[in-house]
2 protein chains.
Amino acid sequence: MDPARAFVNSVNRVIVKVGTAVVTRSDGRLALGRLGALCEQLKELNLQGYEVILVTSGAVGLGRQRLRYRRLANSSFSDLQKPQGDLDGKACAAVGQSSLMALYDTMFSQLDVTSSQLLVNDGFFKDAGFRKQLSETVSALLESRVIPIFNENDAVSTRKAPYEHCLQDSSGIFWDNDSLAGLLALELKADLLVLLSDVEGLYSGPPNDPSSKLIHTYIKEKHQSEITFGDKSRLGRGGMTAKVNAAVCAAHAGIPVIITSGYATDNIIRVLQGEKIGTVFHKDAHLWKNLKEESAHEMAVAARNSSRRLQALKSEERRKILLAVADALEKNQNMIRLENEADVADAVAAGYDKSLISRLTLTPEKISSLAKSVRVLADMEEPVGQILKRTELADELVLEKISSPLGVLLIIFESRPDALVQIAALAIRSGNGLLLKGGKEARRSNAALHKVITSAIPDTVSGKLIGLVTSRDEIPDLLKLDDVIDLVVPRGSNKLVSQIKASTKIPVLGHADGICHIYVDKAANIDMAKQIVKDAKTDYPAACNAMETLLVHKDLSCTGGLNELILELQREGVQLYGGPKASSMLNIAEASSLHHEYSSLACTIEVVEDVFAAIDHINKHGSAHTECIITEDSEVAETFLSQVDSAAVFHNASTRFCDGARFGLGAEVGISTSRIHARGPVGVEGLLTNKWILRGSGQVVDGDRGINYTHKEKALKA
Amino acid sequence: MDPARAFVNSVNRVIVKVGTAVVTRSDGRLALGRLGALCEQLKELNLQGYEVILVTSGAVGLGRQRLRYRRLANSSFSDLQKPQGDLDGKACAAVGQSSLMALYDTMFSQLDVTSSQLLVNDGFFKDAGFRKQLSETVSALLESRVIPIFNENDAVSTRKAPYEHCLQDSSGIFWDNDSLAGLLALELKADLLVLLSDVEGLYSGPPNDPSSKLIHTYIKEKHQSEITFGDKSRLGRGGMTAKVNAAVCAAHAGIPVIITSGYATDNIIRVLQGEKIGTVFHKDAHLWKNLKEESAHEMAVAARNSSRRLQALKSEERRKILLAVADALEKNQNMIRLENEADVADAVAAGYDKSLISRLTLTPEKISSLAKSVRVLADMEEPVGQILKRTELADELVLEKISSPLGVLLIIFESRPDALVQIAALAIRSGNGLLLKGGKEARRSNAALHKVITSAIPDTVSGKLIGLVTSRDEIPDLLKLDDVIDLVVPRGSNKLVSQIKASTKIPVLGHADGICHIYVDKAANIDMAKQIVKDAKTDYPAACNAMETLLVHKDLSCTGGLNELILELQREGVQLYGGPKASSMLNIAEASSLHHEYSSLACTIEVVEDVFAAIDHINKHGSAHTECIITEDSEVAETFLSQVDSAAVFHNASTRFCDGARFGLGAEVGISTSRIHARGPVGVEGLLTNKWILRGSGQVVDGDRGINYTHKEKALKA
């Protein structure tokens, strides 16, 4: 549930207002599908015990359709030759109203719901007696679970034009169904008003302009001046301006309002489940401190702007920032530990397991080791602006390809708060902006570390270089920002990574599965194979580089090698599942899938014909993470190394070596199974891109006649 | 329009069958929203002049709901204590049928459509007299634009169980509404039968299994044995098996059938527009030669498998393939030119402009130059398997990072057929599989070149390494294959690139916009500035590296430099639009947006405060393609070069130099404005990734206790 929508939990009485643009299609015909879905939803709410009131528009348009048809049916041929006058609006309202009510009655009856009609005129509300009576009638209806359906009694209304008043004005009048709905919300003491529109909610600009953003929570002080309204809806009197006016007034008077699309078939249900759809108006919205909905974009833009200032610094200045971060960590050790202890105490109380608590705990040693690693990073060779290639294109025209920062990174990591420090330091070193989302167990530790690190960043760059995302609800918003975030690195469960990959257009660096294979060849040293297989499976079974499938050459089933491997694994408590061949040969349970990551003391075992069958098996069923061959036959080994199509391929070494630190890359951003950008364990270089710099002296292309290309590669150092 | 759906163009009479799973929700309640949308669509078809017949299920379920409610309303408190017996199915049918028809009548009436009820029993169809009468009645109804609504007369049917017959069986009976719909399609000589289901169409396996693929066109010979059906729909008698049986029989008898989802609000309309949704059954489907719908995936998988065999070859063998390609091009010159001449003749007849025709034409010179360039590529240094980094992790444990092919590329290019040769040669050189989609103007030339090239690829690799996609309709299918295609390179209009970026999860290499800026500093040599600005705008205005915005330092408005630049551009016929400042200062029309690519002899001009304002302007409004500063002040130049955040940044040289050939990269894959993987002009390296190879002698990690890390960088050559 979105925190800004938590109030829906205490909603009992809800008014739903459906406008002409929802009831009617753009060609004027009734939108029966949308109306049907509306009735289904109101039935559902009714069933769930909500008190549901409907305010409906659409009668005039519907009446106009019917009257037009009636006129046609009544016309003689000569009548049709004459110019057709406009239909009377009041007449249309009278015809349409009964037609619309008959339709609602039929639809609701089909759903075993009784509905009722209440037609009101604006003058009525000035009369206190009327208001009391109305309130009593509605309560009586709701008590019998009948749905009251309100509309303005247009057919007999004498009102000419909208009034220039606001509805909390004492005169108690309305000028369209949006304000009627707002007025009823007050009169009938509703807990929520839902205004159904033809767009998703209130946008910062015209909804069809791609640069307009949906405003999740309207804050008058902030948005009133910012918003540019587009055209009014083509049909009906309302439009977005009317909705916002009604919503602002109702919210001010204490009734929360949500504007959402009436085109979707389940938006009302979703609104009442607290889902983050549409735009909320709430009188306390400006006080909501943790309200970050609208700021995801601002946060990312601020990080990008700060990163540009960081890039403009000299290498030595970036180094000094890192040294200041290291000092600040040590200086604020007590504060950090205090916050961390609170996290740890909560985790212990919540009964988390020991390994999580040990990863969560920041000991003084861990903090000084973190400070030390930041200093090491400070002193590493400058990664940004490295010349990767230098070419003389022509006389006095020199091209350089240089390394440059990616831009803004979004890193989503789990419980270890030290990861925050490492990633932040990597970002500063590589000139990138950063948005960080840590696990909630380390909430206070992360906040403390973030504060310490950003306070060490000079104002010329701004602490906004590193944004701390505090709520999981902000992630979907962030994942939409493919215009300002350049790379997402999720470090967590398969499920997290898969979900993120499925829900963003931003490139994702990481891996969903780590289904690592070891192939034991017929020419393997069996003792070595036992050691490596044992290490690969049991050293850290939950790691992504742990072995999940063991492939064994068929000859080893005769020589006893296969048995030795099985015994070794069983001795370590590893549960074995067989591939089709192995399960029948060894009489063990068959693996549910050959593409399965156990992440525990279990693995799949299969017998294969030869190295080519092993390669095929891996390319077909693997996840392209890390694979290993164990053999003394170097020719077979080279075949395996060249033909297995994975990020890392090993000969006679445990798959557990696939790791940034073990590979000597220093801090690891993650392990990528993608083939684009970076593959395998990724260090700083995964946070860099390149840029082409061309220095000339006035050269022009002029159809390639203007210049004599030399294309000479030059030494990298000038 | 999808070619396999072209037959919908001649459809006049269409039968739509809506099943219980569409009419009713999973909780048994009426799905009013879906029914409303169904009526809206049938009204629309009716209006468009189609003869529309509806076959509806759902009456029994609806009756059961109503009877249950009725029983409750009739019950005393003591009745309710007793166990409730099952409701009689026939009684439910009787209640539900009138209720459902009343609902259809109301809904259709609201849309000014008259509907009618036709209840039939299976025995009836054995009677020729009945069949004749039915056909006449329906024709009479349709002539009056009345929609006949069919259902089985369940309430008085004595049938007990489904028959084991097929409907083209002479007995003429049906056993559920799917077969009734099929039977009616034959009897009433419908042109199309649409079966609405609760899933998108027929899948190759259970629809909720992610590995199941939607079958676009059912081919009995191919699919009958392949398909595994999931559970039947929970409601109603039909389910997918019944639909497929009915569809196969109807199609066999000459009535095309489309199974599609009844959950969407517009699927029937889309089906009749020939959109590629749902599953088509057509008696001639097995004869459709160009039917590639299902083969997009197969084509990509074949390319990947072939690429793995290509990678397994020795460098020298890959070189020989390229030499064979070059020879084949020369040897088949006449055939290629013949096909090309046919394309050219068509293009001339179609009135295409000269520049397109010149790009389309393959002269003997072009062909030999192509052959030559393939030979150059053959002799270039092997790009695959290059050692990029070599580290000794520990004693006898050596890590190598080597270059390796990306996998499978999808290249979408425009009219130049020579691009096909260049790209194919690049793919072979870099060990990649390739899917090519060329422009339709070069259809025959591309087919000829593709045939020549693939026939030069040895069978050990297979010509399937390079797939030629012949229809634009296949692109959406290909773009879904993020599991087998690794990179998409669109080479065409902004619109094409944007559409592709928006519709695929596969990484896209390229650029949508090329909004290149030139900033003329106050310390510029104005003569040089005039030359460069003129070249950047006029050398090839439609190129992505042409200047679109000219930023001028404010001081130049006093010194006359600004005027000289304007005069120079106007002399070349360039239309100028101003930014906010320039438009008022120079009294010219204001640019509609500062982020605009003219691609013609027009550009935006704006006056800026200084280099920092220019940098801000570019970072804010640009497309991060290519920007240039013209100045004699080297400090200002370096500020610009380091702070402008674009793929290419130039000093005193035309933006037109941003190009793979001019940069000396050889063949160019494209220019990327993405920050991931490759940026700026991309040559072969954009088609490569890397792979980590670790060679050990039995090392294990064992909690990092087992090994003494050295992490020594070693020379790249062993």
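Residues numbered from 1 in each chain as written. Chains lettered and ligands numbered in written order. Predicted model: local features only at pLDDT ≥ 70, side-chain atom pairs only at ≥ 80, totals over all residues. Heavy atoms only, no water.

A.B. asks: So what exactly am I meant to see when it comes to the overall build of chain A here?
C.D. replies: Counting secondary structure elements, chain A contains 25 helices and 24 strands. Taken over the C-alpha trace, chain A has a radius of gyration of 34 Å; the compact-globule value for 718 residues is 27 Å, which it surpasses by more than 25%. Dimensions of chain A, computed from C-alpha atoms along their principal axes, come out at roughly 95 × 75 × 65 Å. Looking at chain A residue by residue over its 718 residues, the buried ones come to 58%. For chain A, contacts bridging at least 24 residues in sequence account for 73% of all contacts bridging at least 6. Summed over all atoms, the accessible surface of chain A reaches about 29,100 Å², with 50% contributed by carbon and sulfur. For chain A, the distance from the average site of its 82 positive side-chain charges to the average site of its 89 negative ones is 5 Å. (Helix = DSSP H or I, 4+ residues; strand = E, 2+ residues; numbered from the N terminus. Rg over C-alpha atoms; globule rule 2.2 N^0.38 Å. Buried < 20%, exposed > 50% of the residue type's maximum accessible area, 1.4 Å probe, protein only. Contact = heavy atoms within 4.5 Å. Areas by Shrake-Rupley, 256 points an atom, 1.4 Å probe, with all protein chains shown as cover. Lys, Arg positive; Asp, Glu negative; His and termini not counted. Charge placed at Lys NZ, Arg CZ, Asp CG, Glu CD.)

A.B. asks: Sorry, what's going on with the sheet that holds strand S19 (residues 626-630) of chain B here?
C.D. replies: What links the strands of a sheet is backbone hydrogen bonding, and the strands pair in either a parallel or an antiparallel sense. Taken together, ten strands build an open sheet; the order of strands is S24(A)-S9(A)-S10(A)-S23(A)-S20(B)-S19(B)-S15(B)-S16(B)-S18(B)-S17(B) and the sheet is mixed. Among the strands making up the open sheet, the edge pair consists of strand S24 (712-713) of chain A together with strand S17 (575-578) of chain B. In this structure, strand S9 (residues 387-394) of chain A lies alongside S24 of chain A, joined through two bridges in antiparallel fashion. Looking at S24 of chain A, one finds that Glu-392 of chain A is bridged to Lys-712 of chain A. (Pairing = 2+ DSSP bridges.)

A.B. asks: How should I be thinking about the relation of the copies chain B and chain A in this particular structure?
C.D. replies: One chain copy maps onto the other through a rotation about an axis and a shift parallel to that axis. The two copies are related by a screw operation: chain B maps onto chain A through 180 degrees of rotation and 0.2 Å of translation along the axis, at an RMSD of 0.3 Å. Here the copies are linked by what is in effect a two-fold axis. Same-surface contact between copies: 100% of interface residues of chain B are shared with the interface of chain A. (Least-squares fit on C-alpha atoms with pLDDT ≥ 70 in both.)

A.B. asks: Just to check I follow, could you spell out the side chain of Lys-43 of chain B for this structure?
C.D. replies: Looking at the secondary structure, you find Lys-43 of chain B in helix H2 (residues 32-48). For Lys-43 of chain B, the contacting residues outside a window of four places in its chain are Arg-29 of chain A together with Leu-111, Asp-112 and Val-113 of chain B.

A.B. asks: Can you help me understand the pairing of strand S1 (residues 13-18) of chain B in this one?
C.D. replies: The side chains of a regular strand alternate between both faces of the sheet. All names here are of chain B. Taken across its six residues, S1 has six buried, putting it largely inside the fold. Taking every second residue as pointing to the same face, both faces of S1 are buried, with Arg-13, Ile-15 and Lys-17 on one and Val-14, Val-16 and Val-18 on the other. Relative to strand S2 (residues 51-56), S1 runs parallel, the two sharing six bridges. When the sheet's bridge partners are listed, Arg-13 is paired in S2 with Glu-51.

A.B. asks: Where do I start with the nonpolar core in this structure?
C.D. replies: Taken as a class, soluble globular proteins show a tendency for nonpolar side chains to be buried jointly. Counting 102 residues, the largest nonpolar core has Ile-428, Leu-434, Leu-436 and Ile-466 of chain A together with Leu-434, Leu-436 and Ile-466 of chain B as its most contacted members. Excluding residues within four positions of it along the chain, Ile-428 of chain A makes contact with Leu-310, Arg-318, Ile-321, Leu-322, Val-325, Ile-453, Ile-457, Leu-465 and Ile-466 of chain A. (Core = buried A, V, L, I, M, F, W, Y, C linked by side-chain atoms within 4.5 Å.)

A.B. asks: Sorry if this is basic, but what is going on with the interface of chain B and chain A here?
C.D. replies: Accessible area lost upon the coming together of the parts serves often as the stated size of an interface. Residue-level contacts link 101 residues of chain B with 101 residues of chain A. A per-residue breakdown of the area chain B buries against chain A is headed by Gln-110, Arg-675 and Trp-692 of chain B, which together make up 10% of the total. Taken together, chain B and chain A are joined by 18 salt bridges. Where Glu-685 of chain B meets Lys-401 of chain A, a salt bridge forms, and the shortest distance between an N and an O atom there is 3.6 Å. The tally of links between chain B and chain A comes to 71 residue pairs in polar contact (both at pLDDT 80 or more). Sorting elements by how many residues they give to the side of chain B that touches chain A places strand S23 (residues 688-699) of chain B first, with eleven residues. Split into classes, the residues belonging to the side of chain B that touches chain A amount to 42 nonpolar, 30 polar and 29 charged. (Buried area = accessible area lost by both parts, 1.4 Å probe. Salt bridge = Lys/Arg side-chain N within 4 Å of Asp/Glu carboxyl O. Polar contact = N/O pair within 3.5 Å; in protein donor to acceptor, adjacent residues only side chain to side chain. Nonpolar A, V, L, I, M, F, W, Y, C, P; charged D, E, K, R; others polar.)

A.B. asks: Just checking my understanding: could you explain helix H16 (residues 418-429) of chain A for this structure?
C.D. replies: The α-helix advances 3.6 residues per turn, and as a result positions three or four apart in sequence lie on the same side. Residue and element names in this part refer to chain A. Helix length check: H16, at twelve residues, gives a terminal C-alpha distance of 17 Å against a target of 16 Å (1.5 Å per residue), a fit within 8%. Most of H16 sits out of view: eleven of its twelve residues are buried. Buried within H16 are the following residues: Asp-418, Ala-419, Leu-420, Val-421, Ile-423, Ala-424, Ala-425, Leu-426, Ala-427, Ile-428 and Arg-429. Two residues or fewer after H16 comes Gly-431, characterised by a positive phi angle close to 75 degrees. (Expected span 1.5 Å × (residues − 1).)

A.B. asks: Would you mind going over the sheet that holds strand S8 (residues 279-281) of chain A with me for this structure?
C.D. replies: Residues and elements named next belong to chain A. Overall, mixed pairing links the eight strands, which are arranged S3-S4-S2-S1-S5-S7-S8-S6 in an open sheet. Each edge of the open sheet is held by one strand with a lone partner, namely strand S3 (115-120) and strand S6 (217-218). As judged from the three bridges shared by strand S7 (residues 257-261) and S8, these two strands associate in the antiparallel manner. Pairing of Val-257 across the sheet is with Phe-281, part of S8.

A.B. asks: Would you take a moment to explain empty space enclosed by the protein for this structure?
C.D. replies: Left-over empty space is what a probe sized like a water molecule reveals as it rolls over the atoms. Residue and element names in this part refer to chain A. Inspection of the entire model under this criterion finds three cavities of 30 Å³ or more. Empty space within the largest cavity amounts to approximately 70 Å³. Along its surface, the largest cavity is lined by Val-18, Val-22, Arg-34, Ala-37, Leu-38, Gln-41, Leu-196, Ser-261, Gly-262, Ala-264, Asn-267 and Ile-268. Sorting the residues of the lining of the largest cavity by element identifies helix H2 (32-47) and helix H10 (267-272) as the ones contributing at least two each. (1 Å grid on protein atoms, 1.4 Å probe; cavity = no way out; pocket = protein on both sides within 12 Å on 5 of 7 lines; lining within 4 Å. Points joined across faces, edges and corners; volume = space filled by probe spheres on them.)

A.B. asks: Would you mind showing me how to read the pattern of salt bridges here?
C.D. replies: It is possible for side chains bearing opposite charge to pair when their charged atoms get close. Evaluated as defined, the whole model comprises 92 salt bridges over all chains. Of the charged contacts in the structure, one is a salt bridge between Glu-40 of chain A and Arg-25 of chain B, with a shortest N-O distance of 3.2 Å. Taken together, the residues Glu-40 of chain A in helix H2 and Arg-25 of chain B in the loop between helix H1 (20-23) and H2 connect one chain to another. Judged by its relative accessible area of 10%, Glu-40 of chain A is buried. Note that Lys-530 of chain B is salt-bridged to Glu-564 of chain B, the shortest N-O span being 3.1 Å. Placement of the pair is Lys-530 of chain B in helix H20 (residues 526-538) and Glu-564 of chain B in helix H22 (residues 561-571), with a sequence separation of 34 residues. The class for Glu-564 of chain B is partly exposed, based on a relative accessible area of 33%. Here the residues in one salt-bridge network are Arg-304, Arg-308 and Asp-486 of chain A together with Asp-645, Arg-675 and Arg-679 of chain B, joined through shared partners.

On their own, these measurements won't tell you what the molecule is for.
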